[in-house]
Amino acid sequence: MNAPTRHPEVQSRELSYAEAIREAMGLALARDERVILMGEDIGVYGGAFQVTGDLVERFGPDRVRDTPISELGGAGVAVGAALTGLRPIFEFQFSDFATLAMEQIVNQAAKMRYMLGGEASVPVVFRMPSGSGTGAAAQHSQSFEAWFGHVPGLKVVQPSTPEDAKGLLLAALEDPDPVVIFEHKLLYKMKGHVPEGWYTTPIGKAAVRRTGRDLTIVASAIMVHRALAAAETLAAEGIDVEVIDLRSVRPIDRETIIASVRKTGRLICVYEGVRTLGVGAEISAMIAESDAFDYLDAPILRLGGAEAPIPYNPDLEKAAVPQTPDIETAARRLVRKEV
Amino acid sequence: MAKDDNTPFAIRNYEAETLRKALRKMYLIRFFEEGAEDSYMRGLIHGTMHLSIGQEASAVASCLSLTDEDKITSTHRGHGHCIGKGAEVGRMFAEFFGKEEGYCHGRGGSMHIADVTKGNLGANGIVGGGIPIAVGAALTAKQLGTGAVTVCFFGDGANNEGAFHEALNMATVWQLPVVFVCENNKYGMSTSTERSTAVKNISERAAAYRMPGRTVDGNDFSAVAEAVSEAVDRARRGEGPSLVENLTYRWRGHSKSDRNRYRTKEEIDAWIARDPILRFRDELMAHGIIDVDAAEGIEAAARQEVEEGIAFAKGGTAPSVTEVTRYVHAEARP
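Bear in mind the structure is a predicted one, so any value in this text is a computation, not a measurement.

A. Quick look at the overall build of chain A. Secondary structure summary: chain A contains twelve helices and 14 strands in total. The C-alpha atoms of chain A give 20 Å as radius of gyration, which agrees with the globular expectation for 339 residues (20 Å, within 12%). For chain A, the spread of C-alpha atoms along the principal axes amounts to about 60 × 45 × 40 Å. Sequence separation of 24 or more characterises 82% of the internal contacts of chain A that already satisfy a separation of 6 or more. Counting only carbon and sulfur atoms, one obtains 52% of the accessible surface of chain A, whose full area is about 12,500 Å².

Next up, the structure:
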């Protein structure tokens, strides 16, 4: 079990995913004067999803800095600030809007250390509210983990719990290189136990959320919760599912996933990004290239987003990304050799 | 140094030794780039490069009032800015030759030379890429109260990028200590500013960002030094950003692929006749800062430094091919 690093004396209490992120940012702002928050409407508005909330009242508008609607320029300012000694956390209002800033994230932030032969560091954190399910349609619902995961120099994480949302953000802040955090919008209100104080969840480590013998499901973000729900139903049918929370897209935790597939002999990858050329393709290839391949009793399956933009109509929107029954159906087919 | 009002700004305001060093840096840029071009022709350097021969006054005069604490961001045509901000030509050549002794240990090449310790945040392969980064550096200075100023070099081509608009707007909204220095050499690759840009002078754009804008003769060392140092002083006083446009010209093509089909030989010759180095040298002689012997001595010393730099680079160490992924991330701390 790869549980987050935890100190025994640290008390736990329930916070929402959004509150956990806010708590992490508040701790960082209080601890290190180099930390600043930047983003659109993160000040008195409190952020489009109320993640920054009241931080501007505690730390003032210079450290919780509203930017103009300038994603490219704003991201670039964060990169330049990181390069010269600040520790900026830059919030994109929606991860979709990061497409306007690809230049600064991909060409500048990700490559600066390498291009300069290790003589520079860009410790910037990009926060990206991501995913579908809010009825916001095609330009406010995308899942771009694979896009950013394709870029050497970036680290890409996707917390699925309040505890990890805080721990991964603090780990990202401690990291000397750029980290992109995809926060699933449907998780912002989810409550869970969150340790108090400063702790980090290691980047690059998956978490086994449920152990099982018959099938490994590697899921990310909200799909972890759908996979766990499916696993409960399947358990009643005698199918014992192991659920791995990917947590980190880049780097990927090969060890945990390969060990699990060696044990279960079956793998389903469940992710919200478009199925083709997505995170599941990488995990599938990783297993195919590893010695876990010899342990496979069935083909690897991928459940991912439809080959379409995210639609507006609520039924269509649900149909565009994996839902709990889709995972159950796929698991039954796989375990009962119906594929 | 009391000088009368007709004396050029640089000569009125800077020590003779500073001015001699500035001339030496201009020669260094010229000979460095000629040396790089020659090495490329001989097949000693691969890839491409963007030469700034003819633009030396802009690079050196813009950095004249900066300290090592001040920052610059540069462009794909950035060799002059590096030398202006204090880079050593030996380590620059080593980078061109792809050697470990280079500023980027051979990973960056011509388009990514930087020296963060000297405040040079790097050349940039993306047109306009450095402009928001400069504003970020200025934000750091303001936030931490370091007193540093950032000079942001970019070309005329970059003024039509969205990054230019976003960055200049933020610089004013936040009153940041940054000076935008546009080196207008008339062409974005082959496309002239007349064909690409809605305003006649790029400095006119400053009005849209409520900052001062000036256009100066970029081949006149003293004119550039005056405009940029005033803007730097203003930034340092906390009065916000400025835009200075240096009108200049690159004698060579855009890069090594350029066949010069978009401009005339007459135009190029007319600009060569306005050589910024000879103009500055003659000005220093006219004001008694140097004599002919001193001028020749400075030129010869620069030539020698470049030759030594090439020899240093040739003798450098090739990176190990096993280290292709080194420097992607920070190395593990002990």
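Here the narrative resumes, following the displayed structure.
B. Representation of the side chain of K166 of chain A within the structure. Residue and element names in this part refer to chain A. With respect to the helices, strands and loops of the structure, K166 is situated in helix α7 (residues 162–174). On the basis of relative accessibility, which here comes to 0%, the residue K166 falls in the buried class. Setting aside residues no more than four positions away along its own chain, K166 makes contact with R13, A20, E23, A24, L27, V194, P195, E196, G197 and Y199.

C. Summary view of the side chain of D70 of chain B. All names here are of chain B. Relative to the helices and strands, D70 is located in the loop between α3 (56–63) and β1 (71–73). Here the side chain of D70 touches V149 through a polar contact of 2.8 Å, landing on its backbone nitrogen. Of the polar contacts made by the side chain of D70, one reaches the side chain of R236; its length is 2.8 Å.

D. Region of interest: the UniProt feature "domain: Dehydrogenase E1 component" (unreviewed entry) in chain B. This chain's UniProt record puts "domain: Dehydrogenase E1 component" (unreviewed entry) on residues 24–315 of chain B. The span residues 24–315 of chain B is 44% helical and 11% strand by assignment, and the distance between its end C-alpha atoms comes to 25 Å.

E. The pattern of salt bridges, seen in detail. Under the counting rule described, the total for this entry stands at 41 salt bridges over all chains. E23 of chain A is the partner of R13 of chain A in a salt bridge, and the nearest nitrogen-oxygen pair spans 2.7 Å. Linking R13 of chain A in strand β1 (residues 12–16) with E23 of chain A in helix α1 (residues 17–31), this pair joins segments that are ten residues apart in sequence. Accessibility expressed as a relative area gives 23% for R13 of chain A, which makes it partly exposed. E100 of chain B is paired through a salt bridge with R107 of chain B; the nearest N and O atoms lie 3.0 Å apart. Put simply, E100, R107, E323, R326 and E331 of chain B are held in one network by salt bridges that share partners.

F. Summary view of the packing of helix α2 (residues 16–41) of chain B against helix α5 (residues 89–96) of chain B. Residues and elements named next belong to chain B. Orientation of α2 relative to α5, taken along the N-to-C sense of each, is 25°, at an axis distance of 11 Å. On the basis of the axis angle, α2 is roughly parallel to α5. For α2 against α5, the interelement crossing comes out right-handed. Across the interface between the two elements, L28, F32, G35 and A36 of α2 pack against V89, M92, F93 and F96 of α5.

G. Main features of the UniProt feature "domain: Transketolase-like pyrimidine-binding" (unreviewed entry) in chain A. UniProt's entry tags residues 15–190 of chain A with the feature "domain: Transketolase-like pyrimidine-binding" (unreviewed entry), counted in the numbering of this structure. Spanning residues 15–190 of chain A, this segment combines 36% helix with 17% strand, and its end C-alpha atoms are found 8 Å apart.

H. Fine view of the interface of chain A and chain B. At the interface, 43 residues of chain A touch 35 residues of chain B. Here chain A packs against chain B, burying approximately 3,100 Å² in sum over the two surfaces, 67% of which is carbon and sulfur. If you look at where chain A meets chain B, you find zero salt bridges. Put simply, chain A and chain B have 14 residue pairs in polar contact (both at pLDDT 80 or more) between them. Secondary structure elements with two or more residues in the side of chain A that touches chain B: β2 (35–39), β3 (64–66), α3 (71–83), α4 (102–109) and α5 (112–115) of chain A. The class makeup of the residues in the side of chain A that touches chain B is 17 nonpolar, 14 polar and twelve charged.

I. Structural view of unusual backbone geometry. All names here are of chain A. The peptide bond linking R250 to P251 adopts the cis configuration, its omega dihedral lying at 0°. Structurally, the position occupied by P251 is in the loop between β12 (248–250) and α9 (254–264). Phi at L277 takes a positive value of approximately 60°, unusual for a residue other than glycine. One can find L277 in the loop between β13 (267–274) and α10 (279–288). For L277, a relative accessible area of 76% puts it in the exposed group.

J. Region of the structure containing the sheet that holds strand β10 (residues 215–219) of chain A. All names here are of chain A. Pairing in this open sheet of five strands is mixed, and the strands run β9-β11-β10-β13-β14 from one edge to the other. Two strands in the sheet have a free side with no partner beyond their single neighbour: β9 (207–210) and β14 (301–305). On average, each strand axis in the sheet is inclined to that of its neighbour by 25°, with strand direction left out of account. Bridge count between β10 and strand β11 (residues 241–245): five bridges; the pairing is parallel. Note that in β11 the partner of V218 across the bridge is I244. Set on the sheet, α10 makes contact with β10, β13 and β14; between it and β13 the angle comes to about 155°.

The rules we used
- Residues numbered from 1 in each chain as written.
- Chains lettered and ligands numbered in written order.
- Predicted model: local features only at pLDDT ≥ 70, side-chain atom pairs only at ≥ 80, totals over all residues.
- Heavy atoms only, no water.
- Helix = DSSP H or I, 4+ residues; strand = E, 2+ residues; numbered from the N terminus.
- Rg over C-alpha atoms; globule rule 2.2 N^0.38 Å.
- Contact = heavy atoms within 4.5 Å.
- Areas by Shrake-Rupley, 256 points an atom, 1.4 Å probe, with all protein chains shown as cover.
- Buried < 20%, exposed > 50% of the residue type's maximum accessible area, 1.4 Å probe, protein only.
- Polar contact = N/O pair within 3.5 Å; in protein donor to acceptor, adjacent residues only side chain to side chain.
- UniProt positions renumbered as here; feature names shortened; annotations may be inferred.
- Salt bridge = Lys/Arg side-chain N within 4 Å of Asp/Glu carboxyl O.
- Axes fitted to C-alpha atoms, helices over the stretch in contact; angles between N-to-C directions.
- Parallel < 35°, antiparallel > 145°, perpendicular 65-115°, else oblique.
- Left-handed = near helix turned anticlockwise from the far one by under 90°.
- Buried area = accessible area lost by both parts, 1.4 Å probe.
- Nonpolar A, V, L, I, M, F, W, Y, C, P; charged D, E, K, R; others polar.
- Pairing = 2+ DSSP bridges.

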